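# Breakdown of the fold
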Amino acid sequence: IDDAQKDITKAMNYIGTHDDDISEDRESELTRASEVLKSARAELKNNKPDYLQVVKLAQQANSLADTILENARSEHETMERLMQKATNSIRDAKAAHSKAKEYLEDHSGDVDSDAKSTLAQSTTCLSNLNNVSPNDLNGKIKIANDAEQYANSAYKKAKKDVDEAEEERARKQRAASSSYSSGSSYRSSGFGSGSVSRSSPSIGGSRSFGSSSSTGGSRSVGSSGRTGGSRS
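Residues numbered from 1 in each chain as written. Predicted model: local features only at pLDDT ≥ 70, side-chain atom pairs only at ≥ 80, totals over all residues. Heavy atoms only, no water.

Turning our attention to the overall build of the protein chain. When you go through the protein chain residue by residue, the secondary structure sums to 5 helices and 2 strands. Reading the protein chain from its N terminus to its C terminus gives the helix and strand order α-α-α-α-α-β-β. Among the 232 residues that make up the protein chain, the fraction classed as buried is 25%. (Helix = DSSP H or I, 4+ residues; strand = E, 2+ residues; numbered from the N terminus. Buried < 20%, exposed > 50% of the residue type's maximum accessible area, 1.4 Å probe, protein only.)

This is the structure:
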């Protein structure tokens, strides 16, 4: 009976210390164990107690108390792990959101509206965490996970936008450099330099024509291209 009472008291104290983490069913079970032990004490007070029955009842109460304490501990430890998971989930969600937010702000000119809209959804999820009951750890974990997923998605979309924008700027820069190089080669070859050289016949050149006939007559025609030339 004394051993059973010690175990009942131990389970009762543990439940009282971690009441928020432990199901109310454990308290009902604890009441049942106390009633069984009370029956053992009542039997012991009889003029001719049934000692075997007393021992049986005391052992039953002790067994119930042990089971209650074990279940209570399991529930508390489970709740602690769940609480730690919720804490980590919220921390990770906030870190992912902060990373995405900073990246979008630093590259706002290159980021499309889709990434910004996705980040806004992450912000909304983080705000909704304040509306969840402190005891609803599963609810907190779900919302935190949603916020982290939205933040990661926003970051990936923004990164893709920035990479494409930088690639486009590099392409334009290469095209501009290529055009500048072509213009420099064209000028260095002499085309478009404004210098033209031609060869022209010299004014004042001379021509002579002569013909003779078998009759012995002769004729000569001479011309000079020079101004003031003579002809005979």
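The rest of the description comes next.
With that out of the way, let us pick up the packing of aromatic side chains. Evaluated as defined, the whole model comprises 1 aromatic pair. Residue placement shows Arg 73 over the ring face of Tyr 14; its charged tip is 5.7 Å from the ring centre. The ring of Tyr 155 is capped by Lys 99, whose NZ or CZ atom sits 4.5 Å from the centre of that ring. (Phe/Tyr/Trp six-rings, centres within 6.5 Å; stacked < 30°, edge-to-face > 60°. Lys NZ or Arg CZ within 6 Å of the ring centre and 35° of its normal.)

What follows is about the environment of Asp 161. With respect to the helices and strands, the residue Asp 161 is situated in helix α5 (residues 137-188). In the structure, Asp 161 is positioned 54 residues away from His 107 in sequence and 9.2 Å away in space, judged by C-alpha atoms. Dropping the residues within four chain positions of it, Asp 161 is found in contact with Asp 110, Val 111, Asp 112 and Ala 115. A distance of 3.0 Å separates the side chain of Asp 161 from the backbone nitrogen of Asp 112, its partner in a polar contact. (Contact = heavy atoms within 4.5 Å. Polar contact = N/O pair within 3.5 Å; in protein donor to acceptor, adjacent residues only side chain to side chain.)

Now for helix α2 (residues 24-44). Its 21 residues give α2 an end-to-end C-alpha distance of 31 Å, which sits within 8% of 30 Å, the value for a rise of 1.5 Å per residue. Lining the buried residues of α2 we find α1 (2-17) and α3 (51-106). (Expected span 1.5 Å × (residues − 1).)

Bringing the pattern of salt bridges into the picture now. If charged atoms from side chains of opposite charge come close, those side chains can pair. Tallied over the entire structure, the rule returns 10 salt bridges. Between Asp 92 and Arg 91 there is a salt bridge whose closest N-O contact spans 3.2 Å. Take Asp 92: its relative accessible area is 30%, and that puts it in the partly exposed class. Residues Glu 105 and Lys 101 are paired through a salt bridge, measuring 2.7 Å at the closest nitrogen-oxygen approach. In this pair, Glu 105 and Lys 101 are both assigned in helix α3, 4 residues apart and thus about one turn of the helix distant. For Glu 105, a relative accessible area of 49% gives the class partly exposed. (Salt bridge = Lys/Arg side-chain N within 4 Å of Asp/Glu carboxyl O.)

Below, the discussion takes up the nonpolar core. If you look at the biggest cluster of nonpolar residues, it comprises 18 residues, and the most contacted ones within it are Ile 8, Ile 15, Leu 30, Ala 61 and Ile 68. Broken down by secondary-structure element, the contributors of at least two residues to this core are α1, α2 and α3. Broken down by element, this core gets its largest block of residues, 7 residues, from α3. Not counting the four nearest positions on each side in its chain, Leu 30 is found in contact with Ile 8, Ala 11, Met 12, Ile 15 and Ile 68. (Core = buried A, V, L, I, M, F, W, Y, C linked by side-chain atoms within 4.5 Å.)

Detailed reading of the predicted coordinates is not advisable wherever pLDDT falls low. The share of residues in the protein chain with pLDDT of 70 or more is 77%, and the mean pLDDT across the chain is 84. This stretch, residues 191-232, has a pLDDT under 50; its non-local contacts, to residues over four places away or in other chains, come to 27 contacts. (pLDDT = per-residue confidence, 0-100.)

Where α1 meets α3, the axes come as close as 8 Å, and the angle between the chain directions of the two elements is 20°. The pairing of α1 with α3 is recorded here as roughly parallel in orientation. In the crossing of α1 with α3, the sense of the turn from one axis to the other is left-handed. Taken together, the residues of α3 that come into contact with α1 (itself represented by Asp 3, Ala 4, Asp 7, Ile 8, Lys 10, Ala 11, Tyr 14 and Ile 15) are Ala 58, Ala 61, Asn 62, Ala 65, Asp 66, Ile 68, Leu 69, Ala 72, Arg 73 and His 76. Of the residues in the contact of α1 with α3, the class split is 11 nonpolar, 2 polar and 5 charged. (Axes fitted to C-alpha atoms, helices over the stretch in contact; angles between N-to-C directions. Parallel < 35°, antiparallel > 145°, perpendicular 65-115°, else oblique. Left-handed = near helix turned anticlockwise from the far one by under 90°. Nonpolar A, V, L, I, M, F, W, Y, C, P; charged D, E, K, R; others polar.)

Moving on, we get to the side chain of Glu 43. Relative to the assigned elements, Glu 43 resides in helix α2. Lys 48 provides the closest opposite charge to the buried, unpaired Glu 43, separated from it by 12 Å. (Lys, Arg positive; Asp, Glu negative; His and termini not counted.)

Orientation of α3 relative to helix α4 (residues 113-128), taken along the N-to-C sense of each, is 150°, at an axis distance of 10 Å. For the element pair α3 and α4, the recorded crossing hand is left-handed. Counted together, Ala 93, Lys 94, His 97, Ala 100, Lys 101 and Leu 104 of α3 and Ala 115, Lys 116, Leu 119, Ser 122, Thr 123 and Leu 126 of α4 form the full contact between these two elements. When the residues that make up the contact of α3 with α4 are grouped by side-chain class, the tally is 6 nonpolar, 3 polar and 3 charged.

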